[in-house]
Amino acid sequence: MQKLIIKGKKKLSGSITISGSKNASLPILAATILNNNKTTLKNVPFVKDVSTMIELLKFVGLKIKADLSKKKLIIYSNKNLKTIAPYKLLKTMRAGVLVLGPLLAKFKKAKVSLPGGCAIGTRPVNLHLFALEKLGAKIKIKNGYIYATAKNGLKGNKIRFPSISVGATENAILAAVSAKGETILSNCAIEPEIQDMIIFLKKMGCNISFTGNRKIRIIGVKEFKPLDHEIIFDRIELGTYIIAGALAGNRINILKVQPTIIKTELRLLKKMGVKMKVEKNKITVFETKNLKKINIKTEPYPGFPTDLQAQIMVLMSKAKGVSKIKEEIFENRFMHVPELRRMGAKITIKNNEATIDGPVNLSGAEVMATDLRASVSLVLAALAADNRTIINRVYHLDRGYENLERKLKNCKANIQRV
Ligand code: UD1
């Protein structure tokens, strides 16, 4: 099993180009099922989750050509697809369930495995199914599979989500864009990745618009168009490298970004004292000493993202005073804490709140990655720590961070995979 070995306290300097967003690519890839024309996707991050989604689409019957050097995918769907998504392709990537909406909309039936368990929480799909039932689907769960049918096709409806879910909003949109008539979705997630998917769907010929506070209006259409789309940048990767820069950087230029999308993160990082210069498509982060404590809670967008919680916790360990994080999205997302403690962090957990006492001197240790964002928090801690850190189970990182070692090495980090 591969490990990362990082020798900390090297001053980072150089440039990092941010990749396309994994969380935008996954629903957009699922959306291509609907179209029988050519789809060209650019700025695709070739990370493990994206490869798993490509494998799933190929299993279903889509033809996909990948050009890794150009970060491009050319995709052809058709009228004769399998309407099954098997467990083997959903057990490692929950977003596979996003093919349910498009398959059901296009073929009036689908059999999709319930996604595998997940370390950060139970992560049910009841809200996805609730929305599809409101659109007229009949749903049964049997032998670990969701069986969905809509004999007479899906029909538009008014759907108010009882709580905000990124995946359920995406699945509902992907089903409603070709349902009969009008759908009004309210209490939707409005993450930038969903907004990117909506831009994609509009180019594809869908009739869809935001009509106010967390409300989306869709009129179903039957015909779609060929299209080209460039995937939005990965805001979580951006946040991660800003924190790397603040922890261990001399000067890091972060390129190919739209800072206006991460206003909340930038405001909070500035409040902590992180030295940055924010330009239109670039952020420069400078060495930051005297970081200040802060209290944050994770929330749906435009709030502070749960996917950046583990990373900012490392920064809080270097800040003077007691910082707090309330995790409001997932019930079990503090698994990085025991490992960070082994590196010298002073963190206690009570219910969904972490208390971080700083500043501490982090020191290298052998640690274990447990999920995608937890893994990268260990990388950040290692960059700021004395001596050598060995991170086991790095396959979690490969699910979502494109060329992490190469990007850090280009900034003079001492990091290698063995
Ligand atoms: C997406 C992101 C993930 C991010 C999360 C929250 C992708 C591929 N993944 O995950 O990186 O951490 O948003 O920003 O985009 N819930 C239910 N029932 C459901 C669905 C969700 O109770 O049917 C709950 C979840 O358990 C969780 C909360 O709703 O507590 C939010 O989850 P959701 O927004 O759906 O996350 P994902 O779409 O799975």
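Everything quoted here is computed from the prediction, not taken from an experiment. (Residues numbered from 1 in each chain as written. Predicted model: local features only at pLDDT ≥ 70, side-chain atom pairs only at ≥ 80, totals over all residues. Heavy atoms only, no water.)

As for the overall build of the protein chain
Scanning the protein chain from terminus to terminus reveals 14 helices and 24 strands. The globule rule puts the C-alpha radius of gyration for 418 residues at 22 Å, and the 21 Å found for the protein chain is close to it. Contacts spanning at least 24 positions in sequence make up 74% of the contacts within the protein chain whose residues lie at least 6 apart. Carbon and sulfur atoms form 49% of the exposed surface of the protein chain, whose accessible area is close to 17400 Å². (Helix = DSSP H or I, 4+ residues; strand = E, 2+ residues; numbered from the N terminus. Rg over C-alpha atoms; globule rule 2.2 N^0.38 Å. Contact = heavy atoms within 4.5 Å. Areas by Shrake-Rupley, 256 points an atom, 1.4 Å probe, with all protein chains shown as cover.)

Focus: the site of the ligand
Taken together, 16 residues lie near the ligand, and N126, L127, S165, D307 and I329 sit nearest. Note that a nitrogen atom of the ligand is positioned 2.6 Å from one of the side-chain N or O atoms of N126. Alone, the ligand offers 740 Å² of accessible surface; in the complex the protein occludes 83% of this. Those elements giving two or more residues to the shell around the ligand turn out to be α1 (22-31), α5 (126-134) and α6 (166-176). With 3 residues, the single largest contributor to the shell around the ligand is α5. By residue class, the composition of the shell around the ligand is 7 nonpolar, 6 polar and 3 charged. (Near = heavy atom within 4 Å. Polar contact = N/O pair within 3.5 Å; in protein donor to acceptor, adjacent residues only side chain to side chain. Nonpolar A, V, L, I, M, F, W, Y, C, P; charged D, E, K, R; others polar.)

What to know about the pairing of strand β23 (residues 388-392)
Burial analysis of β23 places 4 of its 5 residues in the buried class, the great majority of the element. With 5 bridges connecting them, strand β1 (residues 3-7) and β23 associate as antiparallel partners. Bridge assignment links L4 to a residue of β23, and that residue is I391. Where strand β22 (residues 366-368) and β23 come together, 3 bridges link them in parallel fashion. (Buried < 20%, exposed > 50% of the residue type's maximum accessible area, 1.4 Å probe, protein only. Pairing = 2+ DSSP bridges.)

Re the layout of surface pockets
Estimated volume of the second largest pocket: approximately 360 Å³. Along the walls of the second largest pocket sit 18 residues, with A105, K106, S178, K222 and F224 positioned nearest its centre. Grouping the amino acids of the lining of the second largest pocket by side-chain chemistry returns 6 nonpolar, 6 polar and 6 charged. (1 Å grid on protein atoms, 1.4 Å probe; cavity = no way out; pocket = protein on both sides within 12 Å on 5 of 7 lines; lining within 4 Å. Points joined across faces, edges and corners; volume = space filled by probe spheres on them.)

What to know about the sheet that holds strand β6 (residues 84-85)
Here 4 strands make up an open sheet; going across it, the order is β6-β7-β9-β8 and the pairing mixed. Both edges of this open sheet fall to β6 and β8 (138-142), since each of them pairs with a single strand only. Alignment of β8 against strand β9 (residues 145-149), held across 5 bridges, turns out to be antiparallel. Bridge pairing in β9 links K138 to T149. Together, β6, β7 (109-113) and β9 form the strand contacts of helix α4 (residues 100-107), whose direction differs from that of β7 by roughly 160 degrees. (Axes fitted to C-alpha atoms, helices over the stretch in contact; angles between N-to-C directions.)

Comments concerning the packing of aromatic side chains
Using the criterion set out here, one finds 0 aromatic pairs in the structure. Across from the ring centre of F59, 3.9 Å away, lies the NZ or CZ of K82, which sits over that ring. Geometry around Y145 places K111 over its ring, the cationic atom sitting 4.7 Å from the centre. (Phe/Tyr/Trp six-rings, centres within 6.5 Å; stacked < 30°, edge-to-face > 60°. Lys NZ or Arg CZ within 6 Å of the ring centre and 35° of its normal.)

Some words on the state of the cysteines
Counted according to the given criterion, the structure contains 0 disulfides. In this structure C206 is a free cysteine whose sulfur lies 15 Å from that of C188, the closest cysteine sulfur available. Overall, the relative accessible area of 8% leaves C206 in the buried class. (Disulfide = S-S within 2.5 Å.)

Here we look at the packing of α1 against helix α7 (residues 192-203)
When two helices pack together, their arrangement is given by the angle between their axes and by how far apart the axes lie. Across the interface, α1 lies against α7 with an axial gap of 8 Å and an inter-helix angle of 35 degrees. Handedness of the crossing formed by α1 with α7: right-handed. Judged by residue contacts, N23, A24, P27, I28 and A31 of α1 engage E193, D196, M197, F200 and L201 from α7. Considering only residue class, the contact of α1 with α7 consists of 7 nonpolar, 1 polar and 2 charged. (Left-handed = near helix turned anticlockwise from the far one by under 90°.)

Re the domain arrangement of the protein chain
Taken as a whole, the protein chain is organised into domain 1 (3-18 + 233-417) and domain 2 (22-230). Taking the mean C-alpha position of each, domain 1 and domain 2 sit 31 Å from one another. With 22 residues of domain 1 at the contact, the number on the domain 2 side is 24 residues. Here domain 1 packs against domain 2, burying approximately 1800 Å² in sum over the two surfaces, 49% of which is carbon and sulfur. It is Y301, R399 and E402 in domain 1 that bury the most area against domain 2; as a group they hold 35% of the surface buried on that side. (Domains from an automatic or database assignment. Buried area = accessible area lost by both parts, 1.4 Å probe.)

Comments concerning the packing of α5 against α6
At a minimum axis separation of 8 Å, α5 and α6 run at an interaxial angle of 25 degrees. Classed by the angle they form, the pair α5 and α6 counts as roughly parallel. Note on packing geometry: the crossing formed by α5 with α6 is right-handed. Taking contact as the criterion, the partners of L127, H128, A131 and L132 in α5 are, on α6, G167, A168, N171, A172 and A175. Of the residues contributing to the contact of α5 with α6, the split by class is 6 nonpolar, 3 polar and no charged. (Parallel < 35°, antiparallel > 145°, perpendicular 65-115°, else oblique.)

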